[in-house]
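Take a look at the letters that make up each chain.
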Amino acid sequence: ASVEGVRHFLDLTDFTGAQLREVLEIGKALKARRVRGGAQKYRPLDGKVLAMIFDKPSTRTRVSFDVGIRELGGEPIMLTGAEMQLGRGESIPDTARVLSRFVDAIMIRILDHTAMRELAEYASVPVINGLTKQSHPCQIMADLLTFEEHCGPITGRTVAWTGDANNVLTSWIHAAVKFGFNISIATPAALAPRADIIEWAKAGGANVLLTRDPFEAVHGADAIITDCWVSMGDDDERYRQNLLRPYQVNQKLMSAANKGAVFMHCLPAHRGEEVTDEVMDGPQSVVFDEAENRLHAQKGVLAWCLGVGLADVTATAD
Ligand code: CP
Ligand code: NVA
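Residues numbered from 1 in each chain as written. Chains lettered and ligands numbered in written order. Predicted model: local features only at pLDDT ≥ 70, side-chain atom pairs only at ≥ 80, totals over all residues.

1. Description of the environment of Pro76
Then, in step 1: Examined against the element boundaries, Pro76 turns out to sit in strand β2 (residues 75-80).
Then, in step 2: Since 19 C-beta atoms lie within 10 Å of it, Pro76 is described here as partly exposed.
Then, in step 3: When the C-alpha positions of Pro76 and Asn258 are compared, they lie 42 Å apart, and in sequence the two are 182 residues distant.
Then, in step 4: For Pro76, the residues in contact, after removing those within four places along its chain, are Leu50, Met52, Phe65, Asp66 and Ile69. (Helix = DSSP H or I, 4+ residues; strand = E, 2+ residues; numbered from the N terminus. Buried ≥ 20, exposed ≤ 12 C-beta atoms within 10 Å, placed from the backbone. Contact = placed C-beta atoms within 7 Å.)

Written out as structure tokens, the structure is:
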């Protein structure tokens, strides 16, 4: 059993909606301070060290956590699985025990979800999931921040996903339950979400629509979301591309959503595959705000994991 009282950030399913709302609001408040120019003076994580383990490539997650911990007053240590003894067979529990003696928090990107959770089980400092094959919760915190900035509160609204049912979609489904919004999902039958995830969401009261037809999914939606057709760790590239071609987000599909709907993508995008240039660069696209918001959302997660509450962030003057 994991060390009691340690605030990990592993999956949205581990939290109540109210807890996640607080983490999100901390991120928003930190962003507001930064916009006002107060970020330099407010350093609640002064002297804290974050170990970042990347077993897979990253641009946004790496840079946002690196800049984020520095802006909060702490420092990052960048590690890759291959350079660590982890790559030579040191166990996850021992790695967790050792790192916990040196650092204040650990962020890990690793495809093996069980390994990520095992790290948290044996760590006595907070562990943050920076993407596994199964989920990408930090991404969805940034996505929720972005949606609410552009469209207002997400509760009761509808988002549509078209394409592959991957880790990013899973965290969106988790969020639908925790934040109380509707999610419509269009995928090919062979690349549909796992039945147990959908059952969990429905049991949690979420309104989930599953379809093969992207036009049905985007009808009435306030956001159209997609992601790459081939995720890290996927093979059968050609097979996926052929199956997913009808799920491309293009102007015709955008026009079938609500007026004012936003286009979202966690990036990196494969222009011409899952999304056209016209949509990526068009007026409804919020993808670069979404990328920036990784920074603000990650700062919210870091602050929360290390014991900083919303009241702390909003109570202190700039
Ligand atoms: N969206 C996202 O996680 O991007 P990176 O792979 O660049 O971190
Ligand atoms: N679904 C993608 C997200 C990359 C940020 C992947 O897992 O590769």
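Structure's up, so let's keep going.
2. Comments concerning helix α3 (residues 92-102)
Then, in step 1: All of the buried residues along α3 are Ile92, Thr95, Ala96, Leu99 and Ser100. Buried residues in α3, looked at end-on, bunch into an arc of 130°, giving them a common side. Exposed and oriented more than 90 degrees from the buried face of α3 are Asp94 and Arg101.
Then, in step 2: In this structure, the buried side of α3 is in contact with β1 (49-54), β3 (105-109) and α4 (113-122). (Arc of directions from axis to C-beta.)

3. Brief notes about the site of ligand 1
Then, in step 1: The full set of residues close to ligand 1 is Ser58, Thr59, Arg60, Thr61, Leu131, Gln139, Cys266 and Leu267.
Then, in step 2: Partitioning the shell around ligand 1 into residue classes produces three nonpolar, four polar and one charged.
Then, in step 3: Residues lining the shell around ligand 1 come from more than one domain, with at least three contributed by each of domain 1 (12-135 + 294-315) and domain 2 (139-291). (Near = placed C-beta within 6 Å. Nonpolar A, V, L, I, M, F, W, Y, C, P; charged D, E, K, R; others polar. Domains from an automatic or database assignment.)

4. Structural notes on the UniProt feature "domain: Aspartate/ornithine carbamoyltransferase Asp/Orn-binding" (unreviewed entry) in the protein chain
Then, in step 1: Per the UniProt record, the feature "domain: Aspartate/ornithine carbamoyltransferase Asp/Orn-binding" (unreviewed entry) sits at residues 156-305.
Then, in step 2: Taken end to end, residues 156-305 is 42% helix and 15% strand, and its two terminal C-alpha atoms sit 28 Å from one another. (UniProt positions renumbered as here; feature names shortened; annotations may be inferred.)

5. Some words on the sheet that holds β1
Then, in step 1: Overall, parallel pairing links the four strands, which are arranged β2-β1-β3-β4 in an open sheet. Edge positions in the open sheet fall to β2 and β4 (127-129), since each of these has one partner strand only. Strand-to-strand, the axes of this sheet are offset by a mean angle of 20°, without reference to chain direction. (Pairing = 2+ DSSP bridges. Axes fitted to C-alpha atoms, helices over the stretch in contact; angles between N-to-C directions.)

6. Observations concerning the sheet that holds strand β5 (residues 158-162)
Then, in step 1: With parallel pairing, the five strands of this open sheet are ordered in space as β7-β6-β5-β8-β9. With partners counted over all chains shown, the strands left at the sheet margins are β7 (208-211) and β9 (262-265), one partner each. Neighbouring strand axes in the sheet, compared pairwise and without regard to direction, differ in orientation by 20° on average.
Then, in step 2: Alignment of strand β6 (residues 182-186) against β7, held across four bridges, turns out to be parallel.

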